Every structure is written in structure tokens, then in C-alpha cells.
Amino acid sequence: MRGLTVWLTGLPSAGKTTIANAVAEQLDGPVQVLDGDEIREFLSNGLGFTKADRDTQVLRVGWVAKTLATHGVTVLASLVSPYADARDKVRALHGEAGVDFYEVHVATPVEVTRERDVKGLYARAYAGEIENFTGVQDPYEAPVSPDLRIDTQHETVAESAARVLELIHPTTALRAAAGTPKETR
Ligand code: ADP
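Residues numbered from 1 in each chain as written. Predicted model: local features only at pLDDT ≥ 70, side-chain atom pairs only at ≥ 80, totals over all residues. Heavy atoms only, no water.

### A short note on the packing of aromatic side chains
Selection criterion: The pairing test for Phe, Tyr and Trp rings, Trp by its six-membered ring, is centres within 6.5 Å, and the orientation test on the planes gives stacked under 30 degrees, edge-to-face over 60, and tilted for anything in between. A helix here means a DSSP run of H or I that spans at least four residues, while a strand means a run of E at least two residues long, and both kinds are numbered starting from the N terminus. Think of it in three bands: with a 1.4 Å probe and only protein chains considered, a residue is buried below 20% of the maximum accessible area for its type, exposed above 50%, and partly exposed in between.
Here the structure, examined in full by the defined rule, presents 2 aromatic pairs. When the ring of Trp7 is compared with that of Phe101, the centres are 6.2 Å apart and the planes differ by 40°; the resulting orientation is tilted. Residue Trp7 is located in strand S1 (residues 4-9), and its partner Phe101 is located in strand S4 (residues 100-106); the two are separated by 94 residues in the primary sequence. Judged by its relative accessible area of 8%, Phe101 falls in the buried class. Ring geometry for Tyr122 versus Phe133: centroids 4.9 Å apart, planes at 85°, classification edge-to-face.

The structure is reproduced here in C-alpha cells:
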């Protein structure tokens with residue numbers, strides 16, 4: 001059985017984790033959400049937000065994702081991952097292992113993400129309490145040709161999740177759209 005990796009990239013509060021969890025709920029079989037913030041507490045405890053540390057974080061999570069996917073897991077990675085070169089390295093890691101990799105740009109504009117401010121971090125960054133915050137002081141390099149670009153401004157969470165499902169599992173997406181309960185699929 002083959003796994004795959006869906007890599008959700010975007011600004012803080014774009015909707016990456018929300019979409020990852022919504023997709024995971026719809027999938028049968030082994031699924032793992034790798035949430036960047038959670039991983040920073042454990043696997044990447046001690047890393048900061050310089051470009052070098054961000055790249056280390058992305059490569060670590062990329063390696064874990066590739067390894068899990070090699071063993072049949074559907075991996076949903078939700079990380080800001082602001083630098084294109086690091087994301088490209090993660091894609092290459094998957095290519096070398098022969099594992100499918102889908103880059104999904106959760107393309108919520110900063111005007112919207114700073115209003116959402118799910119964790120209150122934009123407010124703290126604007127107040128000068130946090131440095132190197134992506135979208136305020138730090139850059140975000142949007143993917144040029146992602147496998148999918150999601151506009152959360154004009155879509156519900158369910159619609160965004162359905163688009164990811166269509167990308168990776170056309171059959172599952174059809175069943176989910178038809179309202180078939182997960183247990184009977
Ligand atoms: P991130 O993981 O990118 O930092 P979160 O998923 O934690 O962001 O938060 C995104 C917020 O945006 C949530 O409050 C979520 O309910 C809201 N939201 C509104 N529309 C969407 C959508 N279509 N997809 C994902 N999130 C959405």
C-alpha cells in the first residue's frame with residue numbers, strides 16, 4: 001500500500017491546520033497530520049525562526065512525512081514553510097523515494113489572516129513583541145506552481161477540504177460528496 005504527502009503551506013492563520021484536520025477526518029486507513037506548531041514543541045524544540053532554523057524545521061518534517069508515506073501513511077503536513085527552496089527540497093526527497101507529493105498553497109491574503117489572527121500572534125508582532133513573524137516582518141514566498149491553490153476567503157472549510165480530497169483520492173471525494181458515512185465506505 002502506498003502513502004502520499006499533502007504539504008499545506010501558507011501564512012499563519014491561513015487555514016492549513018483546519019483543512020488538514022478536515023481532510024484527515026474523511027480518509028480511511030492510516031493518516032497522520034503533522035502540524036508545524038506541535039512539532040516545534042517536540043521534534044524541533046529549540047529551533048527559532050531564522051531562515052536556517054525554518055529550513056531545518058521544514059526538512060525535518062519533510063523527512064518524517066516521506067518516511068511515513070513510504071510505509072503507506074497519508075500524511076497531511078501543515079507548516080508555514082515560507083521558503084520555496086526548502087519546500088522544493090522536500091518535494092525532491094519524496095521524488096527520490098518514489099512517493100507522491102502534493103504542494104497545496106493555502107492562499108489566504110495577509111489582510112484576511114491578520115484579521116483572523118487565530119493565536120493572537122499578528123497582534124503581538126505588530127506590537128513589536130515578536131520578531132521574524134511571517135507576513136509581518138518575515139517574507140512568505142508563495143508557490144509559483146502548486147498542485148492546488150486554495151482560496152479560503154471565498155470557500156467554506158468543507159469546500160476547501162473537498163478540493164484536497166479530489167486531488168489525492170478522487171474516489172473517496174466522490175463518496176464523501178455523496179454523504180456516505182465513513183464507516184460504510
Ligand atoms: P493555520 O494552521 O494556517 O495557522 P488555522 O487552521 O489554525 O490556520 O486557522 C484558520 C482559521 O480560518 C480557522 O479559524 C478557520 O475556521 C478559518 N477558516 C475560514 N474559512 C476557512 C477555509 N475555507 N479553510 C480553512 N480555514 C478557514
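### Here we look at the side chain of Glu155
Keep this limit in mind: Whenever a nitrogen or oxygen atom comes within 3.5 Å of another N or O atom, the pair is scored as a polar contact, on the condition that within protein one atom can donate a hydrogen and the other can accept it, and that pairs from neighbouring residues in sequence are kept only if both atoms are in side chains.
Tracing the chain through its elements places Glu155 in the loop between strand S5 (148-150) and helix H7 (157-168). Within the structure, Glu155 has its side chain in polar contact with the side chain of Ser160 (distance 2.8 Å).

### Quick look at the site of the ligand
Note the cut-off: Nearness of a residue to a molecule or strand requires only that one of the residue's heavy atoms be within 4 Å of it. Shrake-Rupley sampling with a 1.4 Å probe provides the accessible areas, and residues are treated as covered by the protein chains on show and by no other component. Just so you know the grouping, Ala, Val, Leu, Ile, Met, Phe, Trp, Tyr, Cys and Pro go in nonpolar, Asp, Glu, Lys and Arg go in charged, and all remaining residues, Gly too, go in polar.
What surrounds the ligand is a group of 16 residues, the closest being Ser13, Lys16, Thr17, Thr18 and Glu155. At 2.7 Å from an oxygen atom of the ligand is found a side-chain nitrogen or oxygen belonging to Lys16. In this structure, Glu155 approaches the ligand through a main-chain N or O atom, which is 2.9 Å from a nitrogen atom. Protein contacts shield 77% of the accessible area of the ligand, which totals 570 Å² for the unbound molecule. Residue contributions to the shell around the ligand peak at 4 residues, all from helix H1 (residues 16-26). Tallied by class, the residues present in the shell around the ligand amount to 6 nonpolar, 7 polar and 3 charged.

### Remarks on the packing of H1 against H7
Here is the rule: Orientation is described by lines fitted to C-alpha atoms, with helices fitted over the stretch in contact, and by angles between N-to-C directions that extend from 0 to 180 degrees. For any pair of crossing helices, the crossing counts as left-handed if the nearer helix is rotated counterclockwise from the farther one by less than a right angle, and right-handed if it is rotated clockwise. Residue contacts are defined here by distance: any two heavy atoms, one from each residue, within 4.5 Å place the two residues in contact.
Running from amino to carboxyl end, H1 crosses H7 at an angle of 65°, the nearest separation of the two axes being 9 Å. Handedness of the H1/H7 crossing: right-handed. Across the interface between the two elements, Thr18, Ile19, Ala22, Val23 and Gln26 of H1 pack against Val157, Ser160, Ala161, Val164 and Leu165 of H7. Of the residues in the contact of H1 with H7, the class split is 7 nonpolar, 3 polar and no charged.

### A word on the environment of Gly98
Relative to the helices and strands, Gly98 is located in the loop between helix H4 (84-97) and S4. Spatially, the C-alpha atom of Gly98 lies 30 Å from that of Asn45, the residues being 53 residues apart in sequence.

### So, the pattern of salt bridges
Where we set the bar: We define a salt bridge as a side-chain nitrogen of Lys or Arg found within 4 Å of a carboxyl oxygen belonging to Asp or Glu.
Counted according to the given criterion, the structure contains 9 salt bridges. The closest approach of N and O atoms between Asp100 and Arg2, which form a salt bridge, is 3.7 Å. Remark: Arg2 occurs in the segment before S1 and Asp100 occurs in strand S4; sequence separation between them is 98 residues. Residue Arg2 is classed as exposed on the basis of its relative accessible area of 59%. The salt bridge involving Asp85 is made with Lys51; its shortest N-O contact spans 3.2 Å. Note that Asp85 is positioned in helix H4 and Lys51 in helix H3 (residues 51-70), a separation of 34 residues in sequence. In this structure Lys51 comes out as partly exposed when scored by relative accessible area, which is 33%.

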